[in-house]
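Here's the letter readout for the chains.
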Amino acid sequence: MAELLRQVRIIDPGLEIDEIADVLIADGEVKAVASQISDLSSDAEIKDCRGLVLGTGLVDLYSHSGEPGFEERETLSSLLQAAAAGGFTRIGILPDTSPAIDHPAMVSQLHQRVGEMVNMPHVDIWGALSLDLAGKQLTELTDLAAAGVVGFTDGKAGENLGFVRRVLEYLRPVGKPVAFSPGDRLLSANGVVREGTEALRLGLPPIPASAETTAIASLIELVAATGTPVHIMRVSTARSVELIASAKAAGLPITASTTWMHLLLDTKAIKSYNTSLRLDPPLGNSSDVEALAEGVKAGVIDAIAIDHAGYTYEEKVQAFAESPPGAIGLELALPLLWQNLVETGKFTALQLWRALSTQPARCLQQVPSTITPDHKAELTLFDPQDIWKVEKKNLCTLSQNTPWLGQEIKGRVVQIWV
């Protein structure tokens with residue numbers, strides 16, 4: 001059946017379009033875009049979309065699946081339902097499952113499992129760099145590439161620079177993205193919050209910004225030596241933004257992402273000791289948040305990732321420093337980012353959508369979706385004014401580890417086309 005979206009606000013970062021128009025969708029394609037469409041087939045469903053936003057499909061670079069191994073946290077089905085409910089048409093799954101995604105058979109198994117689900121977001125599977133994510137022995141990278149992984153990462157801080165250099169040398173001819181989550185575990189020690197005055201007030205062990213920046217500086221040097229493109233995950237400090245900006249200005253093949261919660265909250269939020277604010281890397285200080293926002297707007301930070309990590313109630317209900325790091329976010333990110341960044345005037349709608357849609361696709365070496373005739377409909381329809389409460393019955397994810405639990409938020413996805 002054809003669908004006519006009347007007077008919807010179109011946001012297409014690839015074409016730099018933010019305008020009101022009619023959009024006709026049929027047979028999985030965008031058929032027409034015009035200020036007013038009147039030539040319709042008799043079976044077209046007409047929807048009044050005044051006040052709604054139609055954007056290119058959102059792309060999540062990396063999130064965690066509980067399946068296999070931790071299905072009580074999240075199954076593939078619940079993860080994809082949460083992604084769809086949050087407006088994502090593509091989602092990247094990190095290899096930290098149990099067993100880890102370090103063998104072609106695991107990739108095939110997951111592809112088969114995902115293939116059984118219809119009308120769900122496209123899944124991109126990250127292959128592990130090292131066996132059991134131990135950071136010591138390389139996986140069969142070419143076999144994993146042939147099995148269809150989108151790229152390679154261990155999804156956690158690596159300490160062995162010799163191993164990282166070997167990875168970059170091996171992957172140079174493979175042509176797949178490789179991503180690193182920078183952090184020096186010796187500098188981090190047992191820290192759980194960003195070093196600064198707030199950490200002192202909280203009485204929690206601190207992590208210096210240098211735990212991240214020294215790792216990024218080392219990685220930049222290895223990129224300069226090998227020429228292999230890399231993606232830097234989970235950027236969280238102001239100094240990191242400066243280092244990445246300098247590397248890009250020097251022409252090094254680097255892309256970078258931060259996570260949505262690092263753009264919205266700083267260390268002061270942790271005064272509640274809510275364990276859903278225990279993240280890795282930790283929330284930054286206010287100056288870090290400001291620098292990250294400016295970095296996203298300037299394109300130094302290419303993309304905003306969700307890094308959705310579900311945990312059971314029992315896992316999170318313990319002392320802040322003892323709880324596992326991570327929070328859910330697929331269903332919350334777009335509403336809260338829109339509410340706190342776009343509606344406040346800190347970001348334009350195009351700037352936010354670019355970092356959630358067009359740029360993440362490019363980081364994965366994929367063609368971004370577009371809202372133009374004769375292109376496939378990979379779209380997100382969003383109501384920025386819909387108010388709803390974050391509670392279990394309103395969420396698709398199996399987990400509830402979010403600091404917004406029990407709160408009303410504004411903005412909700414109406415529909416996606418995949």
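Rules behind the numbers
Residues numbered from 1 in each chain as written. Predicted model: local features only at pLDDT ≥ 70, side-chain atom pairs only at ≥ 80, totals over all residues. Heavy atoms only, no water. Helix = DSSP H or I, 4+ residues; strand = E, 2+ residues; numbered from the N terminus. Polar contact = N/O pair within 3.5 Å; in protein donor to acceptor, adjacent residues only side chain to side chain. Contact = heavy atoms within 4.5 Å. Pairing = 2+ DSSP bridges. UniProt positions renumbered as here; feature names shortened; annotations may be inferred. Buried < 20%, exposed > 50% of the residue type's maximum accessible area, 1.4 Å probe, protein only. Right-handed = clockwise from strand over helix to strand, strands pointing away. Phe/Tyr/Trp six-rings, centres within 6.5 Å; stacked < 30°, edge-to-face > 60°. Lys NZ or Arg CZ within 6 Å of the ring centre and 35° of its normal. Axes fitted to C-alpha atoms, helices over the stretch in contact; angles between N-to-C directions. Left-handed = near helix turned anticlockwise from the far one by under 90°. Nonpolar A, V, L, I, M, F, W, Y, C, P; charged D, E, K, R; others polar.

Peer 1: It is not clear to me how the side chain of serine 65 should be interpreted in this structure. Could you clarify?
Peer 2: Here serine 65 shows up in the loop between β6 (58-63) and α1 (76-85). Engagement of the side chain of serine 65 in a polar contact is seen with the backbone oxygen of glutamate 67, the distance being 2.8 Å. In contact with serine 65, not counting residues within four places along its chain, are Glu74, Leu76, Leu79, Ile93 and Thr97.

Peer 1: Whenever I open this one, the sheet that holds β6 confuses me. Can you help?
Peer 2: Sheet strands line up and pair through hydrogen bonds in the backbone, either parallel or antiparallel. If you trace the four strands from one edge of the open sheet to the other, you get β6-β7-β8-β9, paired in parallel fashion. At either end of the open sheet lies a strand with only one pairing partner, and these are β6 and β9 (151-152).

Peer 1: Please clarify how the UniProt feature "domain: Dihydroorotase catalytic" (unreviewed entry) in the chain should be interpreted in this entry.
Peer 2: Per the UniProt record, "domain: Dihydroorotase catalytic" (unreviewed entry) is found at residues 53-238. Taken end to end, residues 53-238 has its terminal C-alpha atoms 32 Å apart, with 37% of it in helix and 18% in strand.

Peer 1: Even after reading the chapter, I still don't get the pairing of strand β8 (residues 122-127), so can you show me in this structure?
Peer 2: The side chains of a regular strand alternate, residue by residue, between the two faces of the sheet. Of all six residues making up β8, five are buried, and the element is well covered by its neighbours. One ladder, built from two bridges, connects β8 with β9; its direction is parallel. For glycine 127, the partnering residue across the bridge sits in β9 and is phenylalanine 152. Once the chain exits β8 it traverses helix α3 (residues 141-147) before rejoining the sheet at β9, and the crossover so formed is right-handed.

Peer 1: Help me out: how do you make sense of the packing of aromatic side chains in this one?
Peer 2: How two aromatic rings sit relative to each other is set out by the distance from centre to centre and by the angle between their planes. Counted under the stated rule, the structure contains three aromatic pairs. Here the aromatic rings of tryptophan 338 and tryptophan 353 are separated by 6.2 Å at their centres, their planes lie at 85 degrees, and the arrangement is edge-to-face. You can see tryptophan 338 sitting in helix α12 (residues 333-342) and its partner tryptophan 353 sitting in helix α13 (residues 349-363), a full 15 residues away along the chain. A relative accessible area of 4% places tryptophan 338 in the buried class. Ring pairs connect the aromatic residues Trp338, Trp353 and Phe382, which therefore count as one cluster. Sitting over the face of the ring of phenylalanine 70, arginine 73 holds its NZ or CZ atom 4.2 Å from the ring centroid. Just above the ring of tryptophan 388 sits the side chain of arginine 412; from NZ or CZ to the centre is 4.1 Å.

Peer 1: Before we go on, may I ask you to explain the packing of α12 against α13 in this structure?
Peer 2: Pairs of packed helices are described in terms of their axes, by the angle between the two and the distance that separates them. Close contact between α12 and α13 brings their axes to 10 Å; oriented N to C, the two are set at 145 degrees. In terms of crossing hand, the pair formed by α12 and α13 is right-handed. On α13, the residues that touch Leu334, Leu337, Trp338 and Val342 of α12 are Ala349, Leu352, Trp353 and Leu356. Classifying every residue of the contact of α12 with α13 by side-chain character gives eight nonpolar, no polar and no charged.

Peer 1: When you look at the environment of glutamate 314 in this model, what are you seeing that I'm missing?
Peer 2: Its place among the elements puts glutamate 314 in helix α11 (residues 313-316). Among the residues examined, glutamate 314 registers a relative accessible area of 60% and is labelled exposed. Sequence separation between glutamate 314 and leucine 352 is 38 residues, and the spatial gap between their C-alpha atoms is 35 Å.

Peer 1: I'm lost on α1 in this one. Help?
Peer 2: In an α-helix there are 3.6 residues to a turn, and that puts residues three or four apart on one side. Summarising burial for α1: seven of the ten residues are buried, a large majority. Within α1 the residues assigned to the buried category are Leu76, Ser78, Leu79, Leu80, Ala82, Ala83 and Ala84. Its buried side turned inward, α1 meets β7 (88-93), α2 (104-115), β8 and β18 (408-417). Just past α1, the residue glycine 87 takes up positive phi, approximately 95 degrees.

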